[in-house]
Amino acid sequence: MKRFVHLLSFLMLAFYAEAQVGTWSGELDIQGTKLPLVFHFNDDNSTLDSPSQGARGIKMVVSRSPEGKVVVNIPSIMATYDGFVMPTMIVGSFTQSGMNFPLTLKQGEQKPKRPQTPKPPFPYSEEEVTFQNDGFSFHGTLTLPHGYDRNTPLLVMVTGSGLQNRDEELLDHKPFAVIADALAREGIATMRFDDRGWGDDSFQHLNFTIDDHKADAVAAVSAMRKRFKRVGTLGHSEGGTIALMMAAEGKVDFCVTMAAMAVSGRQTLLQQNRTMLSFLNPEDTVAAIPAETVNAYVEALDRAFDDLVANKQPEEVDDSKVPDMLKENFRLAVRQLATPYMRHFLKTDIRASLRKVKCPVLALNGTYDTQVNATDNLSAIEKGLTGCKHQVVACEGLNHLFQHCHNGLPSEYRDIEETVAPEVLKTISKWVKGL
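Read on for an overview of the structure. None of the values given here were measured: they were computed from a predicted structure. All residue numbers here refer to positions counted from 1 along the written sequence of the relevant chain. Reporting of local features is limited, given that this is a predicted model, to residues whose pLDDT is at least 70; pairs of side-chain atoms are given and counted only at 80 or more, and all residues count toward the totals for whole chains, interfaces and linings. Water and hydrogen atoms play no part in the side-chain values, which are based on all heavy atoms of the structure.

Observations concerning the overall build of the chain
Here is step 1: Put simply, DSSP marks the helices as runs of H or I at least four residues long and the strands as runs of E at least two long, and each gets a number from the N terminus on. Scanning the chain from terminus to terminus reveals 10 helices and 17 strands.
Here is step 2: Only C-alpha atoms enter the radius of gyration, while the globule expectation follows 2.2 Å times N to the 0.38, with N the number of residues. Against the 2.2 N^0.38 benchmark of 22 Å for 435 residues, the chain shows a C-alpha radius of gyration of 24 Å, consistent with a compact globule.
Here is step 3: Seen through its principal axes, the chain has C-alpha atoms that stretch 90 × 60 × 45 Å.
Here is step 4: Every one of the 435 residues in the chain was classed for burial, and the buried ones make up 50%.
Here is step 5: Residue contacts follow a heavy-atom distance rule, with two residues in contact if any of their heavy atoms lie within 4.5 Å. Contacts in the chain between residues far apart in sequence, at least 24 positions, make up 62% of those at least 6 positions apart.
Here is step 6: As displayed, the chain has an accessible area near 21,000 Å², and 53% of this comes from carbon and sulfur atoms.
Here is step 7: With 45 positive and 53 negative side-chain charges, the chain shows a spacing of 4 Å between the two charge centroids. Only protein chains enter the area calculation, which uses a 1.4 Å probe; residues under 20% of their type maximum are buried, those over 50% are exposed, and those in between are partly exposed. Per-residue and other accessible areas follow the Shrake-Rupley method at a 1.4 Å probe size, with only the shown protein chains counted as cover for residues. Think of it this way: Lys and Arg go in the positive column, Asp and Glu in the negative one, and His and the chain ends go nowhere. Charge coordinates come from a single atom per side chain, which is NZ of Lys, CZ of Arg, CG of Asp or CD of Glu.

In structure tokens, the structure reads:
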């Protein structure tokens, strides 16, 4: 009997270990907000993904017990997961920063639907292209409509902030792939490319500035001029700002901006912080945090910007007037802002250069954009573009990604199946074809 019990324990341990290998996923419920987590269990290299936060490959340390318990330590984010392995699920709890959440994992990754993501066969062709700039090699996709020639209009696509691939992929959305597909079907060529350093884990993208990324986009335009007479640019978010900078320098023949920041980086960051802290919904009248607390925090952040622009170190920034409930958040924000990229971003303000733009411009912004305010930025673009043909469009009910949405907050992006609103795709193609 003793040998039988030992054998049974061995078989159960083997079952639990084997059952746990592979991909398991579940959702944390954090005050009504769903946060998907994906666990990749592997005997040699277990990792965690948080798709909504764009975090992948976070190292995990996994241990198991004979009775089927699994304990996961995730040192880099100071979190743990404890659960019991069952035939079809792992039932347990996730703990981080002293907070505990129930979390049940099921086999496989539950990916959201993305019906607009292009799937072959395509009524157009694609080519892999490369170009060089500043010691970096860039790789991209050239999307060519059927029957294209040298006179076909081409748009070089420029991604937003952060290290991104050519599709501007975020939360399984591929906005640039969707836009390229829609434009190709209307006879318009595009070229989209991976950001400098994409795919290199050692690359420190915050050591480079908007001017560096603009130089990369200019190099992409130069490469495309070898094959096309009319080369424009389409940029989203920070990429839209870069597109306007290129237009002001006479580098492109036409320009499409989507949620471009035209006011200063400083104003944009202050507005983002105020919006995220103040209201859960543009239609809500109940503040998530008291107004006086929000005001005190934003005022302290504004003073911190002065210090950071003056090249002070994070420890030199005064936090004495920051509300206690937001002090930890403030210190983290200051550390993140003390990089070459962010110091330069705070000083970025393209309004004065807009009067130099001579080429046609189409500027779009969603009215529910909580990251780049539509009213302020479209007004700045309209006021500044005095020397060119332009069209400014406030896209009703759309967020920063140009999705139809409820409140425009980033927490919605993953749950919305739509990648880019169809009316936006039609507006862009109609405008380019009308040039």
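Re unusual backbone geometry
Here is step 1: A cis amide bond, omega 5 degrees, links Pro 120 with the succeeding residue Pro 121.
Here is step 2: By secondary structure assignment, the location of Pro 121 is in the loop between β9 (99-107) and β10 (124-133).
Here is step 3: Here Ala 259, not a glycine, exhibits a phi torsion of approximately 60 degrees, which is positive.
Here is step 4: With respect to the secondary-structure elements, Ala 259 resides in the loop between β15 (255-258) and α5 (265-278).
Here is step 5: Judged by relative accessible area, which is 0%, Ala 259 ranks as buried.
Here is step 6: The phi angle at Asn 311 is positive, at roughly 70 degrees, despite the residue not being glycine.
Here is step 7: With respect to the helices, strands and loops of the structure, Asn 311 is situated in the loop between α6 (291-309) and α7 (327-337).

A closer look at the sheet that holds strand β3 (residues 47-50)
Pairing between sheet strands relies on hydrogen bonds along the backbone, with the strands arranged either parallel or antiparallel.
Here is step 1: Pairing within the open sheet is antiparallel, and its nine strands lie in the order β4-β3-β2-β1-β9-β8-β7-β6-β5. Unpaired on one side and paired on the other, β4 (55-59) and β5 (61-64) mark the two borders of the sheet. Each neighbouring strand pair of the sheet contributes to a mean axis angle of 25 degrees, computed without reference to strand direction.
Here is step 2: As defined by bridge partners, strand β7 (residues 79-85) adjoins strand β8 (residues 89-96) across seven bridges and the pair is classed as antiparallel. Residue pairing in the sheet places Gly 83 in a bridge with Gly 92 of β8. By definition, two strands form a pair when at least two bridges between them are found by DSSP. Interaxial angle, 0 to 180 degrees, is taken between N-to-C directions of lines fitted to C-alpha atoms, where a helix line uses only the stretch in contact.

Digging into empty space enclosed by the protein
Here is step 1: Here a cavity denotes a set of grid points, spaced 1 Å apart and computed over the protein atoms alone, in which a 1.4 Å probe fits but from which it cannot get out, and a pocket denotes an open set meeting protein on both sides within 12 Å along at least five of seven lines; residues with an atom within 4 Å of a point are reported as lining. Grid points are joined across faces, edges and corners, and a volume is the space filled by probe spheres set on the points. According to the stated counting rule, one finds two cavities of 30 Å³ or more in the structure shown.
Here is step 2: Looking at the largest cavity, its volume works out to about 170 Å³.
Here is step 3: If you go around the largest cavity, you meet 16 residues; those closest to its centre are Thr 159, Gly 160, Gly 162, Asp 195 and His 213.
Here is step 4: When residues of the lining of the largest cavity are traced back to their parent elements, those giving at least two are α3 (210-224) and α4 (238-248).

Structural notes on α6
Here is step 1: Helix span, as expected, comes to 1.5 Å for every residue beyond the first. Compared with the 27 Å implied by 1.5 Å per residue over 19 residues, the 27 Å span of α6 between its first and last C-alpha is a close match.
Here is step 2: Taken together, the buried positions of α6 are occupied by Thr 293, Val 294, Tyr 297, Val 298, Ala 300, Leu 301, Ala 304, Phe 305, Asp 307 and Leu 308. Around the axis of α6, the buried residues are gathered within 165 degrees of arc, so they sit on the same side.
Here is step 3: Of the surrounding elements, those touching the buried residues of α6 are α5, α7 and α8 (340-347). The arc under discussion is defined with respect to the helix axis, by the directions toward the C-beta atoms.

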